[in-house]
Amino acid sequence: IDVRFPDKIVDEVLDAWARGLGKTDPQTIFEAISALSEKFAAILESTDEDELELDESALEVLRATRGLQLVLWALGKSIKDRSAIVQLSESFGPFALEALQSTAPEMRMLAVQCLGLMGLANEDICGEHRDIIFQVAFHDLEAPVIRDTALKCLADMAAVHPNKFSNHPTLTNLLLQVQDREDDGLSRVNAAIASSKLLFAGTLNEPRLFANLMKYFFLPDQLKSAHAEEATEEEKTDLIEAVASMQQVLSVFFQIFF
């Protein structure tokens, strides 16, 4: 609940905190997270803005971001318990949906992850959130990393709930659309890996997806971005590693698909 605490290690601290509770059942986690969220909000409300050197809007983003981090962690811990996920979704689903309207990218990213986990754990909730996550994935003005996250959420939900996505035209079109982008090699890699999973599972049966996998496997240079020269060294390295990982996945996929 320290507002200056680095976001990147919140999950590790929560893991240690849960072990200290002595209980890790979903109900205990739900109650503890709810209490912690309320405590965190109360501390921020009673803290002077000047003391934090933040204006009111930045403080609101900070409060919501930390709240979403708590929910995302709780969802991950409760993923195998249907009743716990339903309870978390009922309590925090509206909060995550509201966060999707935020101008802060970090809030939208966490909101997509929360909605994806809720849908992953429960088929009914998957049906409720699917179209919303599709909107994020198709939104051209959204940050590429958030669109990628939305695509991964959809692919995971389709793998777990195939009846909801069997030869789903919107999901097929999304994967094909992303694979046609020449300005984002990393997104194309993610779409290719998602396609291989869903083709193998029989959830999708689109020949063009299979054709793209063959093209990427034998001609990986096609995945280079049209703006590759403008990319940083870190971005270039990330893409090289992603392509290598994709080719490992596809080398197994082609051997056993038929």
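Residues numbered from 1 in each chain as written. Predicted model: local features only at pLDDT ≥ 70, side-chain atom pairs only at ≥ 80, totals over all residues. Heavy atoms only, no water.

### Here we look at the overall build of the protein chain
Next up, step 1: On a plain count of helices and strands, the protein chain comes out with 12 helices and 0 strands.
Next up, step 2: The helix and strand sequence of the protein chain, counted from the amino end, reads α-α-α-α-α-α-α-α-α-α-α-α.
Next up, step 3: Over its C-alpha atoms the protein chain spans a radius of gyration of 20 Å, differing by no more than 12% from the 18 Å that the globule rule assigns to 258 residues.
Next up, step 4: Looking at the protein chain as a whole, 47% of its 258 residues qualify as buried.
Next up, step 5: Sequence separation of at least 24 residues holds for 68% of the intrachain contacts in the protein chain that already meet a minimum separation of 6.
Next up, step 6: Counting only carbon and sulfur atoms, one obtains 53% of the accessible surface of the protein chain, whose full area is about 13,800 Å². (Helix = DSSP H or I, 4+ residues; strand = E, 2+ residues; numbered from the N terminus. Rg over C-alpha atoms; globule rule 2.2 N^0.38 Å. Buried < 20%, exposed > 50% of the residue type's maximum accessible area, 1.4 Å probe, protein only. Contact = heavy atoms within 4.5 Å. Areas by Shrake-Rupley, 256 points an atom, 1.4 Å probe, with all protein chains shown as cover.)

### Side note on the side chain of Ser187
Next up, step 1: Tracing the sequence through the fold places Ser187 in helix H10 (residues 185-201).
Next up, step 2: Looking at Ser187, its side chain comes within polar contact range of the side chain of Asp184, at 2.6 Å.
Next up, step 3: Residue contacts for Ser187: discarding those within four places in its chain leaves Asp148, Val178 and Arg181. (Polar contact = N/O pair within 3.5 Å; in protein donor to acceptor, adjacent residues only side chain to side chain.)

### So, the packing of aromatic side chains
The description of an aromatic ring pair rests on the distance of the ring centres and on the angle between the ring planes.
Next up, step 1: The tally for this structure, following the rule as stated, stands at 12 aromatic pairs.
Next up, step 2: On the numbers, 5.7 Å between centres and 85° between planes, the contact of Phe210 with Phe254 is edge-to-face. Of this pair, Phe210 sits in helix H11 (residues 207-218) while Phe254 sits in helix H12 (residues 233-256), placing them 44 residues apart in sequence. When sorted by exposure, Phe210 lands in the same class as Phe254, which is buried.
Next up, step 3: Lying across the ring of Phe165, Arg130 places its NZ or CZ 5.5 Å from the centre. (Phe/Tyr/Trp six-rings, centres within 6.5 Å; stacked < 30°, edge-to-face > 60°. Lys NZ or Arg CZ within 6 Å of the ring centre and 35° of its normal.)

### Thoughts on the environment of Ala242
Next up, step 1: Position of Ala242 among the secondary structure elements: in helix H12.
Next up, step 2: Sequence-wise, Ala242 and Ser187 are 55 residues apart; in three dimensions their C-alpha atoms are separated by 9.9 Å.
Next up, step 3: In this structure, Ala242 is in contact with Leu186 and Val189, ignoring residues within four places of it in sequence.

### Some remarks on the nonpolar core
Next up, step 1: If you look at the biggest cluster of nonpolar residues, it comprises 71 residues, and the most contacted ones within it are Cys114, Leu154, Phe165, Leu171, Leu175, Val189 and Met246.
Next up, step 2: Among the elements that take part in this core, helix H6 (residues 105-121) stands out by supplying 9 residues, more than any other.
Next up, step 3: Apart from residues lying up to four places away in sequence, Cys114 is in contact with Leu68, Val71, Leu72, Leu75 and Ala96. (Core = buried A, V, L, I, M, F, W, Y, C linked by side-chain atoms within 4.5 Å.)

Geometry only, nothing functional implied.
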